[in-house]
Structure formats: C-alpha cells, structure tokens
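Reading the structure
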Amino acid sequence: MSSKRVITYGTWDLFHYGHYFLLKRAKSLGGQLYVGVSTDAMCFSKGKATILDENTRRQMIKELRFVDEVFFEYDMNQKVDDIEKYGIDIFVLGDDYAEKFPQMKEYAAVKEKCDIIYLPRTPEISSTDLKNRLANQMNMKKIL
Ligand code: C2G
C-alpha cells in the first residue's frame, strides 16, 4: 500500500454516493485518508444551510472503513496548517473546484506543500438536488 497521505474537505450533508465515490477515489491515491468536515458555523458563513448538524456529518464520515482521520474544518484558511500537521502529500477536491481553487488565497501555499488533484464529480447527484427532490415530493403529497 502507498504510504502517501491524502487530504480532502467537504460539508458532506445528506451523505450520498457522489460523496462516497469521491472519498473512495481519494483513498485509492494513497495509503491514508484525512477528511475535513465543515462546521455549521463555517457553512453558515458561506450562506450554506445544512440539514444535518456538524457532529452527525462528522460521525458518518468517521464510520467509513476507508477513512483514517476526520477533523472539523472551521475556516477555509486552515488548509496549510492541516497539511503540515498531518504530513500530507496529496490534496484532493472535486473538479467543481478546478477553476475556483486557483483563485482562492490559500492556493499558492497549498501548491507549494503538496500535489493538488481534482477528481471528476459524480454526475446527477448533489445534496442540493436531494433537498429539492424531497421538497417537491412533499409538495406533491400535500396536493394529493
Ligand atoms: N462531490 C462529487 N460528486 C458529487 C457531489 C459532490 O464528487 N455529485 C464532491 C465535491 O466535488 C467535493 C466533495 O464531494 O469535493 C464534498 O462535496 P460538498 O460536501 O458539497 O463540499 P463543499 O460544501 O463544496 O465543501 O474547503 C472546501 C469545502 O469544505 C468543500
């Protein structure tokens, strides 16, 4: 098994197979997988409302057999500290970040410390879509 350490981040709200495949592929890039879970406060500051609270979201990630370490992401700017703390070799994000991340202020510092890999998102599934689908079904039930 590769001794490389891989890190990735997310909100992981209403955990679904898109999240699962992202984490599985991230794990296959190295030997140890470290996963950040955005806190409720961080989501709130980004204008993102979650259905599941931070402890539930963290617990679900922690239970996954192929995840080695889980920690909270309190702030978008903690990435370099995390990379140093855990001795990370590969930094992974979904390819929705491929254009966004290079614009973000921590990008240069992360790039200096480790490889950055963007993995293709799994199509046709997202937490937002699940919330919308549920809301639509609830509305239809009310009408029936
Ligand atoms: N993802 C995916 N396929 C999907 C949905 C999500 O591959 N169909 C990936 C995203 O690209 C991301 C990860 O799963 O890499 C987690 O997704 P979110 O929970 O939506 O993460 P986000 O809220 O964007 O938080 O500092 C970075 C942030 O913490 C990322």
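Residues numbered from 1 in each chain as written. Predicted model: local features only at pLDDT ≥ 70, side-chain atom pairs only at ≥ 80, totals over all residues. Heavy atoms only, no water.

In terms of regular secondary structure, the chain is built from six helices and five strands. At 16 Å, the chain has a C-alpha radius of gyration in line with the 15 Å of a compact globule built from 144 residues. Each principal axis of the C-alpha atoms in the chain carries an extent, and together these give about 55 × 35 × 25 Å. By the burial criterion, 41% of the 144 residues in the chain qualify as buried. Here the chain has roughly 8700 Å² of accessible surface; of this, 53% comes from carbon and sulfur atoms. In the chain, 22 side chains carry a positive charge and 21 a negative one; their mean positions are 4 Å apart. (Helix = DSSP H or I, 4+ residues; strand = E, 2+ residues; numbered from the N terminus. Rg over C-alpha atoms; globule rule 2.2 N^0.38 Å. Buried < 20%, exposed > 50% of the residue type's maximum accessible area, 1.4 Å probe, protein only. Areas by Shrake-Rupley, 256 points an atom, 1.4 Å probe, with all protein chains shown as cover. Lys, Arg positive; Asp, Glu negative; His and termini not counted. Charge placed at Lys NZ, Arg CZ, Asp CG, Glu CD.)

Further remarks concern the site of the ligand. Neighbouring residues of the ligand: 20 residues in total, closest Thr 11, Lys 48, Glu 73, Asp 96 and Ile 125. Side-chain polar atom of Glu 73 to an oxygen atom of the ligand: 2.6 Å apart, as the coordinates give it. Contact between the ligand and Gly 94: an oxygen atom at 2.9 Å from a main-chain N or O atom of the residue. Surface burial for the ligand is 95%, taken as the share of its 640 Å² of free accessible area covered by protein chains. Top contributing element to the shell around the ligand by residue count: helix H1 (residues 17–28), with three residues. A class-by-class count of the residues in the shell around the ligand yields seven nonpolar, eight polar and five charged. (Near = heavy atom within 4 Å. Polar contact = N/O pair within 3.5 Å; in protein donor to acceptor, adjacent residues only side chain to side chain. Nonpolar A, V, L, I, M, F, W, Y, C, P; charged D, E, K, R; others polar.)

Evaluation of the coordinates by the stated rule reveals eight salt bridges. Between Arg 57 and Asp 40 there is a salt bridge whose closest N-O contact spans 2.6 Å. Taken together, the residues span a long stretch of sequence, with Arg 57 in helix H3 (residues 54–62) and Asp 40 in helix H2 (residues 40–45) at a distance of 17 residues. For Arg 57, a relative accessible area of 0% puts it in the buried group. (Salt bridge = Lys/Arg side-chain N within 4 Å of Asp/Glu carboxyl O.)

Our focus in this paragraph is the environment of Leu 23. Following the sequence through the fold, Leu 23 ends up in helix H1. Assessed through its relative accessible area of 0%, Leu 23 is described here as buried. The residues contacting Leu 23, other than those within four sequence positions of it, are Thr 8, Trp 12, Phe 15, Leu 33, Val 35, Ile 61, Leu 64 and Phe 66. (Contact = heavy atoms within 4.5 Å.)

One pass over the structure, following the stated rule, counts ten aromatic pairs. For the ring pair Tyr 9 and Phe 71, a centre distance of 5.8 Å and an interplane angle of 85° mean the geometry is edge-to-face. Pair noted here: Tyr 9 is in strand E1 (residues 5–10) and Phe 71 is in strand E3 (residues 69–73), with a separation of 62 residues, a long-range link. Note on Phe 71: relative accessible area 9%, which makes it buried. (Phe/Tyr/Trp six-rings, centres within 6.5 Å; stacked < 30°, edge-to-face > 60°.)

Here we take up the sheet that holds strand E4 (residues 90–94). Taken in spatial order, the five strands make up an open sheet running E3-E2-E1-E4-E5, and their pairing is parallel. Whereas interior strands pair on both sides, the edge strands pair on one side only; in this sheet they are E3 and strand E5 (115–119). Geometrically, the sheet is characterised by an average inter-axis angle of 25° between neighbouring strands, direction not taken into account. Where E1 and E4 come together, three bridges link them in parallel fashion. Residue Ile 7 lies in a different strand from E4, and its bridge partner there is Phe 91. Strands strand E2 (32–38) and E3 of the sheet are contacted by H3, whose axis makes an angle of about 165° with E2. (Pairing = 2+ DSSP bridges. Axes fitted to C-alpha atoms, helices over the stretch in contact; angles between N-to-C directions.)

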